[in-house]
Amino acid sequence: MTSLYGRQGYPSYAGYRDLRFDFMRGFAMLSVVAAHLEFFSWFNFLFWERLGIISAAEMFVVTAGLVLGLVNRKVVEREGMARVTERLWRRSFVLWRALVVTVLLIIVVRSLGLIDMTAVTTFTDRFAGQVYPMIPAPEVPWYDQLALVLTMRVSPHQIQILGLYVFLLAGAPLALWLLHRRLLGVFFGLTWALYFAGWQMPPDTPLLGMQFEYAFPLMMYQVLFTHALAVGFFRVEIAVWLADPLRRRLAVGITVALALGFFIFAQATPNPSFPAWSRLNLILGERFQAIYDVWFVKKHPGLLRLLNVAAFFGALYALLTYFWQPLNKALGWLLIPLGEASLYVFLMHLIFIVLIDQIPGYFDVIPDWNGVWPTRIWINTALYLGTMLGLWALVKNKVLFSVVPR
């Protein structure tokens, strides 16, 4: 039996679970870890906004929405909205609890003074030379520390996005109800009204006063999650619509063309972390930065960044659809387990960050391609690969699966 898309394509008889979504979640985890291991490796040429102006954050949010939409449609139809609401609110609580427990553990370990916890208790802007505390100082009274932790006003910057997910999941039942009732005008009107309301707010103005809002404003990032939720929910209808060869070729062509356009634009980055030979001199660095600051800022995403995210995932999904067999054979063994246990991987990667930070000054080096950096990048790449393989081994051996949520 062959696939609708040929011998190399994704099998049309693969069942209800779409492994392409798990594959994409695993790919997102590669990007997350590359972003949070704050050294420069060869993988940064992929994951530091070089595949397009897209980061690990968008990958994580979109893949979560896709999977939740796909999974919960079946639950809605089989068990009703009450069951879906219960499931999602319970998951929201699990994420809140995971964030709170992780932060409390970090505070306790720091208080013991046995290991350097700087990598997860502070955020350092190395180009500006500024260090920002992400965890309350030890002299803050314990009850004030506890209040800050419980209300998600403090957290390591590496996992602060969990606070965003707490609210996205809490609001997901309403979004799913609107999709189930086919109230699409209300659904899209509400999501875009919230987005544009967020656009009008100045950056670094948290609506709820919580830590995650400085990097991931809720009103703006929800538009990525809700649209991915809708795509996952209507996956069958979209597949039927795209069954027409002309429509499919047109949709894939436009999506891939946009993704390639954003990819080429990303290569013009003036980011000095990348050597000159890896950047295209398409436009002046000042012009690139001016466009970026209006339309592509991560913590205040403009419409072009949203379009880039949509095009990237559309092109990636098409790539996985047409070339599933070779891609799954090459990378599925790694990415699918990571994607299936993404929350577990997300929490456990903090351990690797702390361990690597025990190498004195390791995260404090700014890439310098005129010095010894070309040699050091190979060491960094080995550390990154070791981290990913270590996380994969933990997943395959189900280490602490009964304790750490997945």
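As the structure is a computational prediction, the values presented were derived from the model and not from experiment.

The rules we used
- Residues numbered from 1 in each chain as written.
- Predicted model: local features only at pLDDT ≥ 70, side-chain atom pairs only at ≥ 80, totals over all residues.
- Heavy atoms only, no water.
- Salt bridge = Lys/Arg side-chain N within 4 Å of Asp/Glu carboxyl O.
- Helix = DSSP H or I, 4+ residues; strand = E, 2+ residues; numbered from the N terminus.
- Buried < 20%, exposed > 50% of the residue type's maximum accessible area, 1.4 Å probe, protein only.
- Phe/Tyr/Trp six-rings, centres within 6.5 Å; stacked < 30°, edge-to-face > 60°.
- Lys NZ or Arg CZ within 6 Å of the ring centre and 35° of its normal.
- pLDDT = per-residue confidence, 0-100.
- 1 Å grid on protein atoms, 1.4 Å probe; cavity = no way out; pocket = protein on both sides within 12 Å on 5 of 7 lines; lining within 4 Å.
- Points joined across faces, edges and corners; volume = space filled by probe spheres on them.
- Nonpolar A, V, L, I, M, F, W, Y, C, P; charged D, E, K, R; others polar.

Enquirer: Could you give an account of the pattern of salt bridges, with specific residues and numbers?
Expert: Summed over all chains, the structure comprises 12 salt bridges. The salt bridge involving R235 is made with D18; its shortest N-O contact spans 3.0 Å. Within this pair, whereas R235 is found in helix α10 (residues 235-241), its partner D18 is found in the segment before α1 (19-36), the two being separated by 217 residues in sequence. Residue classification places D18 among the buried residues on the basis of a relative accessible area of 1%. Of the charged contacts, one joins E86 and R83 as a salt bridge, the two residues approaching to 3.5 Å between their closest N and O atoms. Remark: R83 and E86 occur in helix α4 (residues 81-112); sequence separation between them is three residues, near one turn of the helix. Since its relative accessible area comes to 38%, E86 is described here as partly exposed. Look at the salt bridges and you will find they share partners, linking R78, E79, R83, E86 and R90 into a network.

Enquirer: Help me get a handle on unusual backbone geometry, residues and values and all.
Expert: Note on backbone geometry: most residues besides glycine have negative phi, and most peptide bonds are trans. In this structure, K398 takes a positive phi of about 55° despite not being glycine. The phi torsion at L400 lies on the positive side, around 60°, for a residue other than glycine. Within the secondary structure, L400 is located in the segment after α16 (373-396).

Enquirer: Pulling in residues and values, what's your account of the packing of aromatic side chains?
Expert: Aromatic rings considered in pairs are described by the distance between their centres and by the relative angle of their planes. The full count for this structure, using the stated rule, is 36 aromatic pairs. Both rings, one in F21 and one in Y317, keep their centres 5.7 Å apart while their planes meet at 45°; by these two values the pair is tilted. Placement of the pair is F21 in helix α1 and Y317 in helix α13 (residues 303-322), with a sequence separation of 296 residues. Note on W192 and F196: the rings are 5.8 Å apart at their centroids and 35° apart in plane angle, and the pair reads as tilted. Highlighted residues: W192 and F196, both in helix α8 (residues 184-200), separated by four residues, approximately one helical turn. Residue F196 is classed as partly exposed on the basis of its relative accessible area, which comes to 39%. The ring of Y10 has R20 lying over it, and the distance from NZ or CZ to the ring centre is 3.9 Å. One cation-aromatic arrangement involves R73 over F233; the distance from NZ or CZ to the ring centre is 5.2 Å.

Enquirer: Break down the confidence of the model for the protein for me, with residues and values.
Expert: Summarising the model, the protein shows a mean pLDDT of 91, and 94% of its residues fall at 70 or more. Per-element mean pLDDT across the protein ranges from 83 in strand β1 (residues 122-125) up to 97 in helix α7 (residues 161-180).

Enquirer: Which residues make up the layout of surface pockets, and what values do they have?
Expert: Put simply, the largest pocket is a space of about 1700 Å³. Surrounding the largest pocket, 48 residues form its lining, A35, E49, F123, Y292 and K298 being those nearest its centre. At the level of elements, α1, α3 (56-79), β1 and α12 (285-295) are the ones that each hand at least two residues to the lining of the largest pocket. Per-element tally for the lining of the largest pocket: the top contributor is α1, with four residues. Broken down by class, the residue content of the lining of the largest pocket amounts to 29 nonpolar, 12 polar and seven charged.

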